[in-house]
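Spelled out from the first residue to the last, the chains are:
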Amino acid sequence: MATHHIDKLLSEGSPIIVRDTVRAPASARAVHAGTVEVGDIGSVSVTTPAGGVPRTLAERFHEYINVKDYGAVADGVTDDGPAIAAAIEAAGIGQTVYFPSGVYLVSAPLLINKVVSLKGDGSRSTELVFLQGGITLGTTTDTGRDTAVISELGFLAKSRGIHTGLTLVSHDQSGPKPPAFFLQNLKFHGFDTSSVGVNNYEWKTAIRMENADKSILSSVFIYGKERSSIDNYDTNTIGVDVCSSTGVVFSKVDVYRMKTGFSISGQSEGDNWVDGVVVAANVGIHFHDLITPSNNFSIRGGHYSCEQYGIWMEASQAGLHHMSKYNNISNCFFLQRRCDGSRANSTNGKAMKEYCALLMTTSYSTLSDVVVLSSLGDDFRPDLDQNRGIQLQGGECNVLSNVVCVRSGISVDTMASRDNVITNVVTEGVVDSAVQGNALEQGPGDVSLTRSEVNGWSLSSRNILFSVEAGPVLKLINGAGKGQAVNQLEAFSTGADKRWVGIRATSTDDAYPDQDIALLSSGAGHVRFGRFSPTTSAAITGSIEIKDMSGRVRKLAVVEDVH
């Protein structure tokens, strides 16, 4: 069988003459340079210009289903919807439908009910302009089936916030399986984003995912219409709407100018966000109407510039006892975004009141390496606006560490939760809660190590125990936690007989050994020995009166155990 370098001949514009030597039908004839018109030459073998293994033309053309082979024009004017639908219909399960560079106008939504992949030449080079809804891809990917891959395409809306760009629905059974969908290098936005302030085109929801377990979204760009807060988000737009989808990975998925960046609901568990941004949104990620179990969410390396909440995690439908647990948020930056118009209700009229970077109901979760910034002018008063950096609205036993809040109101508020561990919280700002002395609002049982601009470092807990390698040394006790009126400092003996505790005063280098020990009482108070303060003077069994330098009489008193 003859072999022809047909790719090379076509690229050079050379005539391709089909003769009987290749056993083509007699009807085959060359039309003009670079074009061949033949009958059935599917059995002719060809190679690439660089050589390689010869393959038949039928095999080569069967690799991709090219929409232009089915009549697509890609001129941005002709309705290419029927041609695209025909190409999709012709594709077998697991095949790829290919969109060469161009602008494809689609007047009606496209529905796909099998596992096929869609591929373009780049999200800027291949654009699909939808006059109504976009594409719905409903698949069943049982173990061993192919993953539907959608890549290198642009989805453009020529409608005003009423349609969905890409709907992904899997009807697979639960259990180990490959990803239902893989989205890569896609963009979603209105038809003409160059007309700033004029363009009103946008998707209501760019991507909707339902039961799309283990799906992967990588390098996806979503952009709503140019808007300000004056229009109060006239359409309730969503970047990515996830319903009952487990183990979804969002890698470098960026959402701009949508009211909600990500909406997570249903029985969704173990979803992961890595290195993405949400900018100019009302809420960055909103977890709501969760169905138990909905745990193990991980958000890392994100940038969230939002007007109301960066991350908002509500309790599940079953209430606080079924809240999301075991979540991890780390290495994220949160910026309170400025807004204008009637929506801006802050004290200085430049932002939203009650802004909170992380508003969560969760237990047994970790929030670490988080920076919160609100920088909205010298007249900005986050304390009066009741802003929060992090607020836990319920839950217990969370770990919050390495948190930096700048002009964010109360840095950490865990009053509605309990038994959290809070360490390394730094709050700075000209006007914030640190000035008022309440940079941290703690819940019962919380332990915290914080720093404020005014008060410096603060270690806070109901009781604090200091230990060294040999054992406990010192304990600070909050009296209220033990049902008594006073706080206590307890020192533990470490000698062999454990019968005494020494208090020694000296300089740190022992260069000045002659140091006094001062027990300083306040006002007219006395220095007492005994377990508790006496309720009456009769409880004092003995005392030594001592005059201080000002002539005031002090009593060194022995107090009877009256507790």
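The rules behind each value
Residues numbered from 1 in each chain as written. Predicted model: local features only at pLDDT ≥ 70, side-chain atom pairs only at ≥ 80, totals over all residues. Heavy atoms only, no water. Helix = DSSP H or I, 4+ residues; strand = E, 2+ residues; numbered from the N terminus. Buried < 20%, exposed > 50% of the residue type's maximum accessible area, 1.4 Å probe, protein only. Contact = heavy atoms within 4.5 Å. Pairing = 2+ DSSP bridges. Axes fitted to C-alpha atoms, helices over the stretch in contact; angles between N-to-C directions. Salt bridge = Lys/Arg side-chain N within 4 Å of Asp/Glu carboxyl O. Disulfide = S-S within 2.5 Å. Arc of directions from axis to C-beta.

Focus: the overall build of the protein
At step 1: When its secondary structure is counted, the protein shows four helices and 42 strands.
At step 2: The burial tally for the protein puts 44% of its 563 residues in the buried class.
At step 3: Across the protein, contacts joining residues at least 24 apart in sequence account for 63% of those joining residues at least 6 apart.

Some details on the sheet that holds strand S38 (residues 471-477)
At step 1: Read across the open sheet, the three strands follow the order S37-S38-S39; overall the sheet is antiparallel. Only two strands of the sheet have a single partner each, and these edge strands are strand S37 (463-468) and strand S39 (488-491). Pairs of neighbouring strands in the sheet enclose a mean axial angle of 15°, with direction left out of account.

Considering the pairing of strand S21 (residues 260-266)
At step 1: Counting buried positions along S21 gives seven out of seven residues, so the element sits mostly inside the fold.
At step 2: Judged from the five bridges that link them, strand S19 (residues 238-243) and S21 form a sheet pairing that is parallel. Across the sheet, residue aspartate 241 finds its bridge partner in S21, namely serine 263.
At step 3: Where S21 meets strand S23 (residues 277-290), five bridges bridge the pair, whose relative direction is parallel. Bridged to isoleucine 264 within S23 is phenylalanine 287.

Thoughts on the pattern of salt bridges
At step 1: Using the criterion set out here, one finds seven salt bridges in the structure.
At step 2: A salt bridge links aspartate 275 to lysine 252, with the nearest nitrogen and oxygen atoms 3.8 Å apart. One end of the pair, aspartate 275, is in the loop between strand S22 (272-274) and S23; the other, lysine 252, is in strand S20 (residues 249-256), with 23 residues separating them in the sequence.
At step 3: Taking the relative accessible area as the measure of exposure, aspartate 275 reaches 39% and is therefore partly exposed.
At step 4: For lysine 252, a relative accessible area of 44% gives the class partly exposed.
At step 5: A salt bridge links aspartate 413 to arginine 388; the shortest N-O distance between them is 2.9 Å. Residue aspartate 413 is located in strand S32 (residues 410-413), and its partner arginine 388 is located in strand S30 (residues 388-394); the two are separated by 25 residues in the primary sequence.
At step 6: A residue is classified by how much of its surface remains accessible, and aspartate 413, at 6% relative accessible area, is buried.

A closer look at the state of the cysteines
At step 1: On inspection of all chains with the given rule, the structure shows zero disulfides.
At step 2: Cysteine 405 takes part in no disulfide bond, and the closest cysteine sulfur to it belongs to cysteine 356, at a distance of 9.2 Å.

Focus: helix H3 (residues 81-90)
At step 1: For H3, the set of buried residues is Gly81, Ala83, Ile84, Ala87 and Ile88. What you see down the axis of H3 is that its buried residues fit within an arc of 165°, all on one side. Turned more than 90 degrees away from the buried face of H3 sit Pro82 and Glu89, all of them exposed.
At step 2: Packed against the buried residues of H3 are strand S6 (64-66), strand S7 (75-79), strand S8 (96-98), strand S9 (102-106) and strand S10 (110-112).

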